[in-house]
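Take a look at the letters that make up each chain.
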Amino acid sequence: MPKHFQSMGRRENTPQKSLTSGKGHSTTFHSIPATRDEARILKNIVNCAIKAIKMVSLPVAEHPQGLDDLVEGFQSVVSKEKVQITGIVGMGGSGKTTLAKELFNRNFSSFDRCSFVFDVRDAASKYALAKKQKKLLRDLGVDHLPFDHVDEGKAVLGNRLRFHRVLIVLDDIDHVDQLNTLLPNKDNLGSQSMVIVTTRELGVLYSWGLSCIYKMPRLNRSNAEKLFCWHAFLQPSPPAGFISLVEKFLKAGNGLPLSLKVFGGQLYGSNSKANWKSQLRKLSRILPTDIKQRLQVSYDALDEEEKEMFLDVACFLIGENKSKAIAVWDGSGWSGAPGLETLVNKSLVELVSDPVYPGQSPSYADKIRMHDNLRDMGREIASRHSSYRIWFPEQIKQHSLERMLVRGIQSADAFCAFKEYRYPLMRTSKRQSKFPRLSVKLQILFVRGTEFTEEFASLSEDIVWLRWENFPHRSLPSWFTLRNLSVLELSGANELEELWESNADPPLQLRELIIFGVSKLQSLPHSVGRLKHLKKIDCYFGGDSLPEELCRLHSLELLALSSSTKLSSLPAGFGNLLSLQHLSLQCCSLLRALPDSFKQLIHLKYLNLTGCEILSSLPAGFGDLINLQTIDLESCKQLKTLPDSFKQLIHLKSLNLKYCEKIKLRLDML
């Protein structure tokens, strides 16, 4: 790391000292080497003067807030590694360029040459990267530039960068080819050089081999209020009578500088509270045009599949598990995992770890989050998209759904609107209704307390994700087509006795099965063993055993049978679940023992046996589960000891033996 980046000062509010004062620049006249050649002295003086005059501070922000904190955060990342190239990554409008300009202004005087290359992505889209190469070379002191092709420019740049101590900022990169074009020999930088790259694309930085990355945080509340109020009122705090309204706009802005600036600027000069409230109402459905245009840049860069995935997140998947999103998208014929990775790398969605199961597989711990502005932008796009998504009842009023291609319907309340506006999809009484002529493919459906008739059969053919609250049937109806179902969620299913009828074809594409709030379900169907794609079972049932066919699920990664209080044993072949990473048998209070084959679960990372009150021992080969990281044995009141092989669990991070009243441990076990 260049030494001059180790002690970045606080931002000064006063203008930088001029050249004639001899301060504020390292290139003052006393640094010119002494020589008897007067012509050479004069040339050096002129070059230093030109450099100092040219390198005036870049305009950063009209009302900068939190820049000192961002600079300190950047410095803390850079100081951990001896690196010359650092990435700044964040969503559009998060302040990446503002931070980069501030860092540039604070440090350009410490370098021999410096260059800030703006809008690289835009230049690349216009086949104008050669112009950016020339701009960079001119800033590095190369005036004769007889080339028009990027390959020629790469050759010149590669030879030039090694000879100078340079500061370079490459702003708004979105492809690794752009980095290779503007910085072709990154390993040959001068030893005291520094390069900063800003991007929305985390994957680009990784692909380029960059590990030192600063991720843009959101503004804290104090700085967010100041930024908004400067743009709305030309003062750092709200005037009397506007405090509560400002608070609502801060919530809408969600710490994103771009949003706060545009929201504030939109209200500048308005003292009408009615106008402020009107703008708030609009924000709940649509973003101001200039914000949307800025945020939509990343969306427009997605391919068609990725755009569909983005719209699914905005309408249906916020707060859902990463694994569920991937299952839905794979079931739709898309590339779920790569698509989600793209959305994350483009800062369009975030993955936030769920603290409930700290030891579980990341695939099930990560929840999907999306900035409110991106969500609203996505929903606005979805409202006029060719594949329609419905997430609130008023949409039924606004559009005729007859013959419309519908991707998904999220709001259970929307079904009341179908009935009211003569588009009934269901009956909630004894009177049956007909369906509208909705076009395929209806692939996502959330309903509550609804009894479908057989007329639903044609619409069910393409459903990939079904969430049914207050499920009213004893099983999934025989006419219900399951062949494309990838995620099935049933809750409040007090009448459910079997998942599907014994003579019915099971949903062979099912990847996730989630069942809660049932009282009559005694077991899983024997045909569950045919579900070769099934990765997750999270359910409760009232029986005392599981079908042996369950052990054929070689793709199963998560099995949670919490509160199955009558379960007394596991199948003998349970160890054949070779992909299992997460097992929860919490509050299976009648479970007597684990089968001998249990030691074969070598990929198991998380085991929860909390409340297995009569479990008295663990299998002798328990230590073969070498990948176990978390074991919860709380309230296993009859457990007396741990097997000798327990000390083989070299990756174990957490062991909970709370309320294990009879257990006796030897120190050599741990």
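Residues numbered from 1 in each chain as written. Predicted model: local features only at pLDDT ≥ 70, side-chain atom pairs only at ≥ 80, totals over all residues. Heavy atoms only, no water.

Trainee: Go over the overall build of the protein, please, and point to the residues and values.
Mentor: Counting its regular elements, the protein contains 21 helices and 19 strands. Within the protein, the proportion of its 670 residues that are buried is 54%. Summarising the internal contacts of the protein: among those between residues at least 6 apart in sequence, 59% fall at separations of at least 24. Per element, the accessible surface of the protein, about 30500 Å² overall, is 49% carbon and sulfur. (Helix = DSSP H or I, 4+ residues; strand = E, 2+ residues; numbered from the N terminus. Buried < 20%, exposed > 50% of the residue type's maximum accessible area, 1.4 Å probe, protein only. Contact = heavy atoms within 4.5 Å. Areas by Shrake-Rupley, 256 points an atom, 1.4 Å probe, with all protein chains shown as cover.)

Trainee: So, empty space enclosed by the protein: which residues are in play, and what are the values?
Mentor: Under the criterion given, the structure shown has three cavities of 30 Å³ or more. Together, R121, D172, I173, D174, T199, R200, E201, V297, S298, A301 and K346 line the largest cavity. Those elements that provide at least two residues to the lining of the largest cavity are β3 (166–173) and α13 (289–300). Each residue belonging to the lining of the largest cavity can be placed in one class, and the counts come to three nonpolar, two polar and six charged. (1 Å grid on protein atoms, 1.4 Å probe; cavity = no way out; pocket = protein on both sides within 12 Å on 5 of 7 lines; lining within 4 Å. Points joined across faces, edges and corners; volume = space filled by probe spheres on them. Nonpolar A, V, L, I, M, F, W, Y, C, P; charged D, E, K, R; others polar.)

Trainee: Would you mind going over the sheet that holds β3 in detail, with residue names and values included?
Mentor: Each strand in a sheet pairs with its neighbour through backbone hydrogen bonds, running either in the same direction (parallel) or in the opposite one (antiparallel). Read across the open sheet, the five strands follow the order β2-β3-β4-β1-β5; overall the sheet is parallel. Lying at the two open borders of the sheet, with one neighbouring strand each, are β2 (113–117) and β5 (213–215). On average, each strand axis in the sheet is inclined to that of its neighbour by 15 degrees, with strand direction left out of account. As defined by bridge partners, β2 adjoins β3 across five bridges and the pair is classed as parallel. What sits directly across from F116, in β3, is V169. Its contacts with the sheet put helix α3 (residues 96–107) on β1 (85–89), β2, β3, β4 (194–199) and β5, and the angle it makes with β2 is roughly 165 degrees. Contacts between helix α5 (residues 129–139) and the sheet are confined to β2 and β3, with β2 contributing the most and set at about 155 degrees to the helix. (Pairing = 2+ DSSP bridges. Axes fitted to C-alpha atoms, helices over the stretch in contact; angles between N-to-C directions.)

Trainee: Lay out the nonpolar core in plain terms, naming residues and giving numbers.
Mentor: General note: in soluble globular proteins, nonpolar side chains tend to be found buried as a group. L559, L585, F598, L609 and F622 are the most contacted members of the largest nonpolar core, which has 74 residues in total. Ignoring any residue separated from it by four or fewer positions in sequence, one finds L609 in contact with L585, L594, L615, L618, D632, L633, E634 and C636. Formed by 57 residues, the second largest nonpolar core is a distinct cluster that contains L256, L311, M370 and V464. (Core = buried A, V, L, I, M, F, W, Y, C linked by side-chain atoms within 4.5 Å.)

Trainee: Requested: an account of the pattern of salt bridges, with residues and values cited.
Mentor: One pass over the structure, following the stated rule, counts 22 salt bridges. Across the pair R106 and E102 runs a salt bridge whose closest N-O atoms are separated by 2.9 Å. In this pair, R106 and E102 both sit in helix α3, four residues apart, roughly one turn of the helix. In this structure E102 comes out as buried when scored by relative accessible area, which is 2%. A salt bridge links K135 to D139; its shortest N-O distance comes to 2.6 Å. (Salt bridge = Lys/Arg side-chain N within 4 Å of Asp/Glu carboxyl O.)

Trainee: Break down the packing of aromatic side chains for me, citing the residues and quoting the values.
Mentor: The tally for this structure, following the rule as stated, stands at 20 aromatic pairs. A centroid spacing of 4.8 Å and a plane angle of 85 degrees characterise the contact between W468 and F471, whose relative ring orientation is edge-to-face. Residue W468 is classed as buried on the basis of its relative accessible area of 0%. Sitting over the face of the ring of W208, K186 holds its NZ or CZ atom 4.8 Å from the ring centroid. The residue whose ring lies beneath K273 is F242, and the NZ or CZ to ring-centre distance is 5.8 Å. (Phe/Tyr/Trp six-rings, centres within 6.5 Å; stacked < 30°, edge-to-face > 60°. Lys NZ or Arg CZ within 6 Å of the ring centre and 35° of its normal.)

Trainee: So what's going on with the side chain of T86? Which residues, and what values?
Mentor: Here T86 is to be found in strand β1. Judged by relative accessible area, which is 0%, T86 ranks as buried. Beyond its immediate stretch of four places on either side in the chain, T86 contacts F74, V78, M194, V195, I196, V197, L210 and C212.

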